Amino acid sequence: MRVSVFGLGYVGCVSAACLAGTGHEVIGVDVNQIKVDLVNDGRAPVVEEGIGELVAEVVRSGALRATGDVREAVMNSEVSLICVGTPSEPNGSLCTTYLERVTEEIGAALAERGGRHTVVFRSTMLPGTCLDLLLPILDKYVGGVEGLDVGVAVNPEFLREGTSVKDFFDPPKTVIGELDPGSGDVVAALYEGLPGEVFRVPIPVAEAIKYADNAFHGLKIGFANELGAVCRALGVDSHQVIDVFLADRKLNISPAYLRPGFAFGGSCLPKDLRSLVHAAQRADVSVPILSHVLPSNADHLQRAVEMVERTGKRRIGLFGLSFKPGTDDLRESPLVELAERLFGKGYELRIYDANVHLSRLLGANRAYIESRLPHLAQLLTDSVDDVLAHAEVCLVGTRDPAVLAALPHGDGPVIVDLVHLPDADARRAEPGYMGLAW
C-alpha cells in the first residue's frame, strides 16, 4: 500500500522504514525540516540498532521518502499512520495538541482528496481520545464530502527503544482498534506476514491496552527493585529468589490472578504482605509499592460498599462468604469484611454460601468469624431462593452453579457482580446489572 507516516521520531521513523522494508511505498511527514532532509539523504533521524542501515536501503530503493507537506503526503497515500508525540502536561495529564493539529491537517487535505483513505492513530492516547476528540475533528472537515470514504483505526505500538526494529518484525502482538471492519482490514494488511497474534477490538480497548502494558511493566520493575532492596537488607541473594520466582510459570509468570474481580483475602496473602512490609520498615527500607498493596485491596472492597449505597436500597442478599470457592475458610475473607461493613451500616442482610455451615466451623476459622461477624447465625440461610425473596440488591461473590441458575434477568433485584459472571457481557445491557470493575 501507499502509506504516509506522520511524525519521524522513534516510533514514526521505525514504522516508516520497516513498512517500506516490507514492500509498502512510504512517505514520512514531519514539521522538522532537519528530520525530513536526513531521511531523504538516507540517514535516520534517531539512533537505534539497525535503523540506519534500513533507512539507507529503503530510501535508495525508492520505497521511502520524506516531506513536510501534509497535503502532498495525503494525496499520494491510501493510509495515514499518525505517530506524533503525546507528552505529559505539567499536571500529568495527556497532551493531545500534536494529535489534534495533525488530525486537522489531514482532515483538510482529505476534504480535497476524495476516494477511500484510512486514518490510523499509532500514538499512545487514553481511551476516549479517538472517538470523543479526534473523530469529531475529522468529521468537521470530511463529514458530508461527496465521494470521500474515511476509515479510522487505532494501532498502538509495542516497540522498545534499543530493539524497536527487531520488535517491529517480531511483535509480541498486533492490536487493531477498528471503527468498522473495513478500517481494520486495511491495518491488518499493513502487517500481513508478520508473526504474533492479531487482536481486532473496539477502539477504546486498543487505546487502553498500551496503558495496561506500560503500567504493568513499571509495576514489575518497581516490584523487583523493592523486593531486591528488602532481600539485600535481610542478607538474601535477590537474584536467586527471582530466578526461582520466574521459574514458576503456573502461578507467577502466567495469567493467574490477572483478571479484574473482587478483593483478595485468605490466611496467606494479607498476612504475608504485612510481614514483608513490617520487615522492610524494621530494616529502614522504603517499599511504597508493597506497602500500598493492602490499602489498594481495601479500596477495591470499598467500591462494592459504595455501589450498594448508590442503589438507595436496604435489603441486601450476599451470595458467597468464604475467601475461595469450594472451601469454608472465612479467615480474612473479603466477603466477610463486606458483610461486616454492610451489617454495620444497618443494611438488612441475608447470606448464602453452600459450603459454610456454622455448626461445622472449627478452630481459628470459627474464632475469626465469631470476632468479625458474631451475628452470622441470624444472617446465614441454606436457600438461594430465600436470599432472592429477601433482596432488593444481590451481591454475587460466587460462581456456584445453583446461584448462577437462579439469578434473574431483566426486572428484579439489582445485581452487583463481584466475580464477572459467565453471562456478564449479556447482562450489561440490563438496567439492574452493575459490574464491580467492568
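Only a predicted model underlies this, so the values are computations on that prediction, with no experimental measurement involved.

As for the UniProt feature "binding site: GDP-alpha-D-mannuronate" (unreviewed entry) in the protein chain
Stage number 1. What UniProt calls "binding site: GDP-alpha-D-mannuronate" (unreviewed entry) maps, in this numbering, to Glu-161, Lys-210, Asn-214, His-217, Asn-225, Tyr-257, Arg-259, Phe-262, Gly-265 and Lys-324. In summary, the annotated positions, distributed over 164 residues, remain apart in three dimensions as well, the widest C-alpha pair reaching 42.0 Å.
Stage number 2. Structurally, Arg-259 can be placed in the loop between α10 (238-247) and α11 (269-282).
Stage number 3. Structurally, Lys-324 is set in the loop between β9 (315-319) and α14 (334-344).
Stage number 4. In this structure Lys-324 comes out as partly exposed when scored by relative accessible area, which is 42%.

Considering a nonpolar patch on the surface
Stage number 1. A cluster of nonpolar side chains, Phe-216, Leu-219 and Leu-258, forms an exposed patch at the surface whose accessible area comes to about 270 Å².
Stage number 2. Summarising the element assignment, Leu-258 is placed in the loop between α10 and α11.
Stage number 3. You can call Leu-258 exposed: its relative accessible area is 51%.

Regarding the packing of aromatic side chains
Stage number 1. Taken as a whole and judged by the stated rule, the model has 4 aromatic pairs.
Stage number 2. Ring centres of Phe-223 and Phe-245 lie 5.9 Å apart, and the angle between their planes is 40 degrees; on these two criteria the pair is classed as tilted. Taken together, the residues span a long stretch of sequence, with Phe-223 in helix α9 (residues 203-233) and Phe-245 in helix α10 at a distance of 22 residues.
Stage number 3. Through a chain of ring-to-ring contacts, three or more aromatic side chains come together here, namely Phe-168, Phe-169 and Tyr-191.
Stage number 4. Looking at Lys-173, its charged tip hangs above the ring of Phe-158, at a distance of 4.2 Å from the centre.
Stage number 5. Over the face of the ring belonging to Tyr-347 we find Arg-314, whose NZ or CZ atom lies 3.9 Å from the ring centre.

Definitions and limits used
Residues numbered from 1 in each chain as written. Predicted model: local features only at pLDDT ≥ 70, side-chain atom pairs only at ≥ 80, totals over all residues. Heavy atoms only, no water. UniProt positions renumbered as here; feature names shortened; annotations may be inferred. Helix = DSSP H or I, 4+ residues; strand = E, 2+ residues; numbered from the N terminus. Buried < 20%, exposed > 50% of the residue type's maximum accessible area, 1.4 Å probe, protein only. Patch = residues over 30% accessible without salt bridge, like charges linked within 9 Å, V, L, I, M, F, W, Y side chains within 5 Å. Areas by Shrake-Rupley, 256 points an atom, 1.4 Å probe, with all protein chains shown as cover. Salt bridge = Lys/Arg side-chain N within 4 Å of Asp/Glu carboxyl O. Phe/Tyr/Trp six-rings, centres within 6.5 Å; stacked < 30°, edge-to-face > 60°. Lys NZ or Arg CZ within 6 Å of the ring centre and 35° of its normal.

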